[in-house]
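# A closer look at the structure
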Amino acid sequence: MAILFFEHFQLTCPSRASVECERAVNKKRPVNLDLTQFRFPLPAITSIIHRVSGVILFVAVAFLMWALQGSLESPESFAQVKESMSGFFAKLITWGIVSALLYHLVAGCKHLLMDIGIGETLEGGVLGAKVTLAVSVVLILFAGVAVW
Amino acid sequence: MLVSVYRYNPDKDEAPFMQDIEVNIPEGRDLMVLDVLGLIKEIDPSVAYRRACREGVCGSDGLNMNGRNGLACITPMSEVVKNNKLVIRPLPGLPVIRDLVVDMGMFYKQYEKIKPYLLNDTPPPAIERLQSLEDRDKLDGLYECILCACCSTACPSFWWNPDKFVGPSGLLQAYRFLIDSRDTATAERLAELDDPFSVFRCRGIMNCVSVCPKGLNPTKAIGHIRNMLLQRAT
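Position labels on residues start from 1 in each chain and follow its written sequence. Chain labels run from A onward and ligand labels from 1 onward, assigned in the order the entries are written. For this predicted model, a pLDDT threshold of at least 70 governs which residues receive local features, and a threshold of 80 or more governs which side-chain atom pairs are given and counted, while totals over whole chains, interfaces and linings are taken from all residues. Processing note: side-chain calculations cover all non-hydrogen atoms of the structure and skip hydrogens and water entirely.

### Re the overall build of chain B
When its secondary structure is counted, chain B shows nine helices and seven strands. The burial tally for chain B puts 52% of its 234 residues in the buried class. Working rule for contacts: check all heavy atoms of both residues, and any pair within 4.5 Å makes them a contact. Here the analysis covers contacts within chain B between residues at least 6 apart in sequence; of these, 64% occur between residues at least 24 apart. A residue counts as positive if it is Lys or Arg and as negative if it is Asp or Glu; His and the chain ends are not included. Where a charge sits is defined by one atom per residue type, namely NZ (Lys), CZ (Arg), CG (Asp) or CD (Glu). Placing the 28 positive and 30 negative side-chain charges of chain B at their respective mean positions leaves the two points 3 Å apart. A run of H or I in DSSP becomes a helix once it reaches four residues, and a run of E becomes a strand once it reaches two; helices and strands are each numbered from the N terminus. In this scheme, a residue with accessible area under 20% of its type's maximum is buried, one over 50% is exposed, and one in between is partly exposed, where area comes from a 1.4 Å probe on protein chains only.

Okay, structure coming up:
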């Protein structure tokens, strides 16, 4: 009986060290992925803007199609859509969508160049990112003039 | 100098935390970050990190220093320290075993996947398989990789898909064997890589190129693999 009790005690109360060992092994390991703590080079930043502009376009296209359909229904609805697009706020949004499109286009062209092997060096990548930003800023400014 | 070190001991800590340690840096010397870690170890012996050769050959001490991956042993303080402060964190994206030591399992698994050895189905010659000088030159910039994981753990595509995207380091090695004139398994190797994740998760942001301590260019190698896959499909 005493032996049985002893065995039972051993089974249910393992030593403290082995408990700690088991806990450490079973615990989910943390991962260092606090993105605010990392320094991203310029090509990485232009790439994430590329992605963001793509998402903006994806959402915006739905509204643009809706506006297009509205404008095609009748002369009155065309006038109505035209009217609603002429406010300052509406123009600002239009400019935003056009900006996203222009940036996405320029960054996409950079991708095509990289696909044929241009701008794949360390310096070339940074230069490509700078050119992408510069060209898009110029185009976006022109687009602003065109919208207003 | 104030050094902020990522600390995590699975036996004691519920979650990782940053420990600030004031380190006295000897006047007029540009120490390597690994030397700074050595000084920290004298102050607090419980800080854990990997190291071996201390000269950028073994690839053990890949760390994230002030937000940038690199080998602590060949990264001088003058290159990373900003405003007299240094933040040392483990390589991003891999599970932390303790403090600055990460579990490289995922990284090695991807390396294993690309079969990093010569495959040749022709009978072996008496002495060795010869290669022309031109063919040998094609391996330059590829074979020098020391598998420190600085590139793959700087790559967002690898962070989000470490199980499916081979990552810059693995792909550099994949290309090293694809382009080797002594390897006859080119078609099989390409077939293994031909899916939406293995190669094509690369978005060409070139974080890998900007951190590689050996100055290698995985982005370019990935571009070459892409072209080979394209040619194979047409």
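### As for the packing of helix H6 (residues 167-178) of chain B against helix H9 (residues 218-233) of chain B
Relative orientation and spacing of two packed helices are given, respectively, by the angle between their axes and the distance between those axes. All names here are of chain B. Interaxial angle, 0 to 180 degrees, is taken between N-to-C directions of lines fitted to C-alpha atoms, where a helix line uses only the stretch in contact. It is the contact of H6 with H9, at a shortest axis distance of 9 Å, that shows an interaxial angle of 55°. Taken together, the axis directions place H6 and H9 in an arrangement best described as oblique. The two elements H6 and H9 meet at a crossing, and its hand is left-handed. Mapping the contact onto sequence places Pro168, Leu171, Leu172, Ala174, Tyr175 and Leu178 in H6 and Pro218, Ala221, Ile222, His224, Ile225 and Met228 in H9. Under the scheme applied here, ten amino acids are nonpolar (Ala, Val, Leu, Ile, Met, Phe, Trp, Tyr, Cys and Pro), four are charged (Asp, Glu, Lys and Arg), and all others, including Gly, are polar. Class assignment of the residues belonging to the contact of H6 with H9 gives a composition of 11 nonpolar, one polar and no charged. Roughly parallel means an angle under 35 degrees; roughly antiparallel, over 145; roughly perpendicular, 65 to 115; everything else is oblique. By the definition used in this description, the sense in which the near helix is turned from the far one sets the handedness, with an anticlockwise turn below a right angle giving left-handed and a clockwise turn giving right-handed.

### Observations regarding the confidence of the model for chain A
Residues and elements named next belong to chain A. Averaged over every residue, the pLDDT of chain A is 87; the share at 70 or more is 82%. Looking at any residue, its pLDDT shows the predictor's confidence there, from 0 to 100. Ranking the helices and strands of chain A by mean pLDDT puts helix H6 (residues 122-147) first, with 97, and helix H1 (residues 2-12) last, with 44. Low pLDDT, under 50, characterises residues 1-14; the predicted model gives this stretch one contact beyond four residues in sequence or across chains.

### A few points about the environment of aspartate 11 of chain B
Here aspartate 11 of chain B shows up in the loop between strand E1 (2-7) and strand E2 (17-22). Separated by 175 residues in the primary sequence, aspartate 11 of chain B and threonine 186 of chain B place their C-alpha atoms 47 Å from one another.

### Brief notes about unusual backbone geometry
All names here are of chain B. Even without being glycine, arginine 54 reaches a positive phi, approximately 55°. With respect to the helices and strands, arginine 54 occurs in the loop between helix H1 (33-43) and strand E3 (62-65). The phi dihedral of asparagine 84 falls on the positive side, at around 60°, and the residue is not glycine. Looking at the element boundaries, asparagine 84 is found in the loop between helix H2 (77-80) and strand E5 (85-89). A relative accessible area of 53% means that asparagine 84 is categorised as exposed.

### Notes on the environment of valine 59 of chain A
All names here are of chain A. Here valine 59 is to be found in helix H3 (residues 42-73). Of the residues examined, valine 59 reaches a relative accessible area of 45% and is grouped as partly exposed. Sequence separation between valine 59 and isoleucine 93 is 34 residues; the distance between their C-alpha atoms is 12 Å.

### Some thoughts on the sheet that holds E3 of chain B
Residues and elements named next belong to chain B. In spatial order, the strands read E2-E1-E5-E3-E4; together these five strands make up an open sheet with mixed pairing. Two strands lie at the open edges of the sheet, namely E2 and strand E4 (68-71), each paired on one side alone. For this sheet, the mean inter-axis angle between neighbouring strands, taken without regard to orientation, is 30°. Here E3 runs beside E5; their pairing, made up of two bridges, is antiparallel. Across the sheet, residue asparagine 64 finds its bridge partner in E5, namely arginine 89. Against the sheet, H1 makes contact with E1, E2, E3 and E5, and its axis sits at roughly 85° relative to E5, the strand it touches most. Paired strands, in this sense, are two strands between which DSSP finds at least two bridges.

### Here we look at the pattern of salt bridges
All names here are of chain B. Here a salt bridge means any side-chain nitrogen of Lys or Arg lying within 4 Å of a carboxyl oxygen belonging to Asp or Glu. With the rule as written, the count across this model stands at 12 salt bridges over all chains. In this structure, the salt-bridge partner of aspartate 194 is arginine 232, at a minimum N-O distance of 2.8 Å. Of this pair, aspartate 194 sits in the loop between helix H7 (186-193) and helix H8 (207-211) while arginine 232 sits in helix H9, and the two are 38 residues apart along the sequence. The exposure class of aspartate 194 is partly exposed, given its relative accessible area of 37%. By relative accessible area, which is 39% here, arginine 232 ends up partly exposed.

### A short note on the layout of surface pockets
Of the volumes computed, that of the largest pocket is approximately 650 Å³. Mapped onto the lining of the largest pocket, the elements with two or more residues apiece are H3 and helix H5 (88-115) of chain A together with helix H5 (156-160), H8 and H9 of chain B. No other element matches the six residues that H3 of chain A contributes to the lining of the largest pocket. Its residues placed into classes, the lining of the largest pocket shows 16 nonpolar, nine polar and three charged. In this structure, the second largest pocket occupies an estimated 430 Å³ of space. Buriedness for pockets is judged along seven lines, at least five of which must meet protein on both sides within 12 Å for an open set on the 1 Å grid over protein atoms alone, while cavities are sets there where a 1.4 Å probe fits but cannot get out, and lining residues have an atom within 4 Å of a point. Taken together, 16 residues make up the lining of the second largest pocket; nearest its centre are Phe63, Trp66, Ala67, Ser84 and Met85 of chain A. When residues of the lining of the second largest pocket are traced back to their parent elements, those giving at least two are H3, helix H4 (75-84) and H5 of chain A. Considering each element in turn, the lining of the second largest pocket owes the most residues, seven residues, to H3 of chain A. Grid points are joined across faces, edges and corners, and a volume is the space filled by probe spheres set on the points.

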